[in-house]
Amino acid sequence: MDFLKVFYAPGEVKYSKKKWISFFFVSLVIGLLVLFLNVHFNFNGILNAVKERLSSVSEEQKAQALNMLTPGRMMLRGGISLLIWLPLKLLFIAGMLYIIRMLWETENFSIPLFASSIYIYIQAVGDFIKFLLSVIFKTFPFTTDLSILTGSRNFLFGFLSAFDIFTIYAMYVAGVVISPGDKKRSMYYFFVLLVLLILWGIIKGFTIRMGMK
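Residues numbered from 1 in each chain as written. Predicted model: local features only at pLDDT ≥ 70, side-chain atom pairs only at ≥ 80, totals over all residues. Heavy atoms only, no water.

**Section: the side chain of Asp2**
Secondary-structure assignment places Asp2 in helix α1 (residues 2–8). The class of Asp2 is buried, set by a relative accessible area of 18%. (Helix = DSSP H or I, 4+ residues; strand = E, 2+ residues; numbered from the N terminus. Buried < 20%, exposed > 50% of the residue type's maximum accessible area, 1.4 Å probe, protein only.)

What follows is the structure in structure tokens.
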């Protein structure tokens, strides 16, 4: 089954023109499920994270913001955000892969879309695993990125937070499924996506640094 093969034998995942729909739909369902479970089991952890982000505002503004953070409103806002953000993310990754693929061939958009859907599916599964670990170890959020190497919320923290193990693996698998049997080209796709991830890490780093001023 391809939903499992992406984790132990990505080279055996066969392209199908409409298979991306299945991966995208499952990713969306997992995303909504993780949202519900986090609100249900990690509500206090979410509130603490929000309080930390609101540390620079007045007590009155903080109180107003926290009063609006009920479980129902979190689910509604989070669900709407996911429904908007996930398709945009799918198309953005597919667009990047399509541009890279044009260097060798002029295939249609469906193959990069297929690889992109697997990319977001692996990240969604990673989010579910992180939820389970957060419950087991009673730590929210449970971190699987390199930001665990630094304790301070500075530029380095933001930069390293971009390098999540599930994201890196998703980039590798995207390279494999978009060019099956061609290890050299697969690694090229992976390298280009890694460069984009580094740029994203720099943006996150500067965002946190500016927020500290």
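After that view of the structure, there is still more to cover.
**Remarks on the packing of aromatic side chains**
For the structure shown, the criterion picks out 15 aromatic pairs. Measuring from centroid to centroid gives 4.7 Å for Phe3 and Phe23, while their planes differ by 50°, and the two rings are tilted. Of this pair, Phe3 sits in helix α1 while Phe23 sits in helix α2 (residues 19–41), placing them 20 residues apart in sequence. Summarising the aromatic geometry, the rings of Phe7 and Tyr121 are spaced 6.0 Å apart at their centres and angled 50° between planes, so their arrangement reads as tilted. One end of the pair, Phe7, is in helix α1; the other, Tyr121, is in helix α6 (residues 110–136), and 114 residues separate them in sequence. (Phe/Tyr/Trp six-rings, centres within 6.5 Å; stacked < 30°, edge-to-face > 60°.)

**Some thoughts on helix α8 (residues 165–178)**
Spanning 14 residues, α8 covers 20 Å between terminal C-alpha atoms, matching the ideal 20 Å at 1.5 Å per step. Most of α8 sits out of view: ten of its 14 residues are buried. Looking only at α8, the buried set comprises Phe166, Thr167, Ala170, Met171, Val173, Ala174, Gly175, Val176, Val177 and Ile178. Taking the backbone nitrogen of Phe166 as reference, a side-chain oxygen 2.9 Å away marks Asp164 as the first, capping residue of α8. (Expected span 1.5 Å × (residues − 1). Polar contact = N/O pair within 3.5 Å; in protein donor to acceptor, adjacent residues only side chain to side chain.)

**Concerning a nonpolar patch on the surface**
Together, Phe191, Val195, Ile198, Leu199, Ile202, Phe206 and Met210 make up a nonpolar patch on the protein surface, roughly 640 Å² of accessible area in all. Looking at where Phe191 falls in the secondary structure, it is placed in helix α9 (residues 183–212). What makes Phe191 exposed here is its relative accessible area of 51%. (Patch = residues over 30% accessible without salt bridge, like charges linked within 9 Å, V, L, I, M, F, W, Y side chains within 5 Å. Areas by Shrake-Rupley, 256 points an atom, 1.4 Å probe, with all protein chains shown as cover. Salt bridge = Lys/Arg side-chain N within 4 Å of Asp/Glu carboxyl O.)

**Here we look at helix α5 (residues 71–101)**
Counted at 1.5 Å a residue, the expected span for α5 with its 31 residues is 45 Å, and the 43 Å between its end C-alpha atoms agrees. Inspection of α5 places Met74, Gly79, Leu82, Leu86, Leu90, Ile93, Ala94, Gly95, Leu97, Ile100 and Arg101 among the buried residues, and these make up the whole buried set.

**Things to note about the side chain of Thr167**
Relative to the helices and strands, Thr167 is located in helix α8. Given a relative accessible area of 9%, Thr167 falls into the buried group. Sequence-distant contacts of Thr167, defined by excluding residues within four places in its chain, comprise Tyr119, Gln123 and Leu197. (Contact = heavy atoms within 4.5 Å.)

It is worth stressing that arrangement in space is one thing and function is another; only the former is reported here.
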